[in-house]
Amino acid sequence: MSQHTSPPRSIGAQLVEEGLLTQDAVERTLIRQQEKGQRFGEAAVSLGFMEEGQLAQSLARQYGFTYLAPSDQRIDKSVVTAFTPENLVVEQYKNLRSQLALRWFSQGNQVLAICSLEAGEGRSTTAANLAVVYAQMGKKVLLIDADLRNPTQHLLFSEANKSQGLSSVLAGLHHFESAITPISAMPGLSLLSSGAHAPNPTELLASNRFAHAMEILA
């Protein structure tokens, strides 16, 4: 995972650029801000120029933190970290991210596998939410769906499970460049779906080619 950052713009300039405020609204907001001692965004909301949800989204974008409106259907609602920066479940994922930073990634590791013994134990949802909270940090993240029997990541991120996926790459039929899909709804996050159904999933994942692929992608 690698880092990419950019300096935040002023919230007023950003709101104008996003079409949420006119220049006249900015000037009136500045006057209200001085009169009431409010933050710029608070003043804009109090004047009725925008809604609190719109302000929260803009503030998140200002600091490079991406989360989606509840009505956005590009990512499944089970990936809760994509939709709200603050609730108990999201905080648990962030705590897990902190623990991994201290205990795993600080050792120079670049790859993390999320596994479970049985189906339905939440590994797919956990992997998706962790991928999102790392992308929200400004990391470049590749989420790999290595469940070649019952893949779900393409469903969580509204992407087709293309024939060009992990299975076809491991079989030597395609290259990574054509199989990896950037997730437009979450900057910094890309998906390598499981690909077409393979008759020998266990053998593909146990192969030297899979181990080599992980080294290349890392």
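A. Examining a nonpolar patch on the surface more closely. On the surface, W104, L112 and I114 cluster together to form a nonpolar patch covering roughly 220 Å² of accessible area. Looking at the element boundaries, I114 is found in the loop between α5 (88-103) and α6 (123-136). Take I114: its relative accessible area is 30%, and that puts it in the partly exposed class.

B. Region of interest: unusual backbone geometry. Non-glycine residue S158 carries a positive phi angle of around 50°. With respect to the helices and strands, the residue S158 is situated in the loop between α7 (153-156) and α8 (166-170). By relative accessible area, S158 is classed as partly exposed at 45%.

C. Just the environment of Q164, in detail. With respect to the helices, strands and loops of the structure, Q164 is situated in the loop between α7 and α8. Measuring from C-alpha to C-alpha, the distance between Q164 and I180 comes to 8.4 Å, with 16 residues separating the pair along the chain. Setting aside chain neighbours within four positions, we find Q164 in contact with H174, S178 and A179. A polar contact of 2.7 Å, which involves the side chain of Q164, links it to the side chain of S178.

D. Region of interest: the packing of aromatic side chains. Here the structure, examined in full by the defined rule, presents one aromatic pair. Taken together, a centroid distance of 5.5 Å and an interplanar angle of 75° make the contact between F105 and Y134 edge-to-face. Taken together, the positions of F105 in the loop between α5 and α6 and Y134 in helix α6 put the pair 29 residues apart, joining distant regions of the chain. Looking at F105, the relative accessible area reads 18%, which means it is buried. Since its relative accessible area comes to 4%, Y134 is described here as buried.

E. Structural detail: the layout of surface pockets. What the largest pocket holds in volume is close to 1100 Å³. Together, 35 residues line the largest pocket, and L112, A113, L142, L143 and I144 are the ones closest to its centre. Elements with a minimum of two residues in the lining of the largest pocket: α6, β2 (139-144), α10 (201-205) and α11 (208-217). Among the elements that take part in the lining of the largest pocket, α6 stands out by supplying six residues, more than any other. Grouping the constituent residues of the lining of the largest pocket by class yields 23 nonpolar, seven polar and five charged.

F. Expanded view of the pattern of salt bridges. What the rule picks out here adds up to three salt bridges. The salt bridge partner of D72 is R74, with a shortest N-O separation of 2.7 Å. The closest approach of N and O atoms between R123 and D147, which form a salt bridge, is 3.3 Å. Of this pair, R123 sits in helix α6 while D147 sits in the loop between β2 and α7; the two residues are 24 residues apart in sequence, bridging distant segments of the chain. Taking relative accessible area as the criterion, D147 reaches 18% and is therefore assigned buried.

G. The arrangement of the side chain of H154 in detail. In this fold, H154 is placed in helix α7. Filtering out sequence-adjacent residues up to four positions away, H154 remains in contact with E159, A160, N161, L191 and S193.

H. The arrangement of α5 in detail. Helix length check: α5 (16 residues) gives 22 Å between terminal C-alpha atoms against 22 Å at 1.5 Å per residue, within 8%. Regarding α5, the residues found buried are V90, Y93, K94, R97 and L100. The buried side chains of α5 occupy one side of the element, clustering within an arc of 115° when seen end-on. Exposed residues pointing more than 90 degrees away from the buried face of α5 are listed as L88, L102 and R103. Lining the buried residues of α5 we find α6. Of the residues that open α5, the one with a side-chain oxygen 2.9 Å from the backbone nitrogen of V89 is N87.

I. Summary view of the pairing of strand β4 (residues 189-192). With burial as the criterion, each face of β4 is covered, one bearing L189 and L191 and the other bearing S190 and L192. Relative to β4, β2 runs parallel, the two sharing four bridges. Bridging from a neighbouring strand, I144 pairs with L192 of β4. Direction of pairing for strand β3 (residues 180-182) relative to β4: antiparallel, over a ladder of three bridges. When the bridges of β4 are listed, P182 appears paired with S190. Hairpin remark: β3 followed by β4, antiparallel, with six residues in the connecting loop; positive phi at G188, about 95°.

Cut-offs and rules
Residues numbered from 1 in each chain as written. Predicted model: local features only at pLDDT ≥ 70, side-chain atom pairs only at ≥ 80, totals over all residues. Heavy atoms only, no water. Patch = residues over 30% accessible without salt bridge, like charges linked within 9 Å, V, L, I, M, F, W, Y side chains within 5 Å. Areas by Shrake-Rupley, 256 points an atom, 1.4 Å probe, with all protein chains shown as cover. Salt bridge = Lys/Arg side-chain N within 4 Å of Asp/Glu carboxyl O. Helix = DSSP H or I, 4+ residues; strand = E, 2+ residues; numbered from the N terminus. Buried < 20%, exposed > 50% of the residue type's maximum accessible area, 1.4 Å probe, protein only. Contact = heavy atoms within 4.5 Å. Polar contact = N/O pair within 3.5 Å; in protein donor to acceptor, adjacent residues only side chain to side chain. Phe/Tyr/Trp six-rings, centres within 6.5 Å; stacked < 30°, edge-to-face > 60°. 1 Å grid on protein atoms, 1.4 Å probe; cavity = no way out; pocket = protein on both sides within 12 Å on 5 of 7 lines; lining within 4 Å. Points joined across faces, edges and corners; volume = space filled by probe spheres on them. Nonpolar A, V, L, I, M, F, W, Y, C, P; charged D, E, K, R; others polar. Expected span 1.5 Å × (residues − 1). Arc of directions from axis to C-beta. Pairing = 2+ DSSP bridges.

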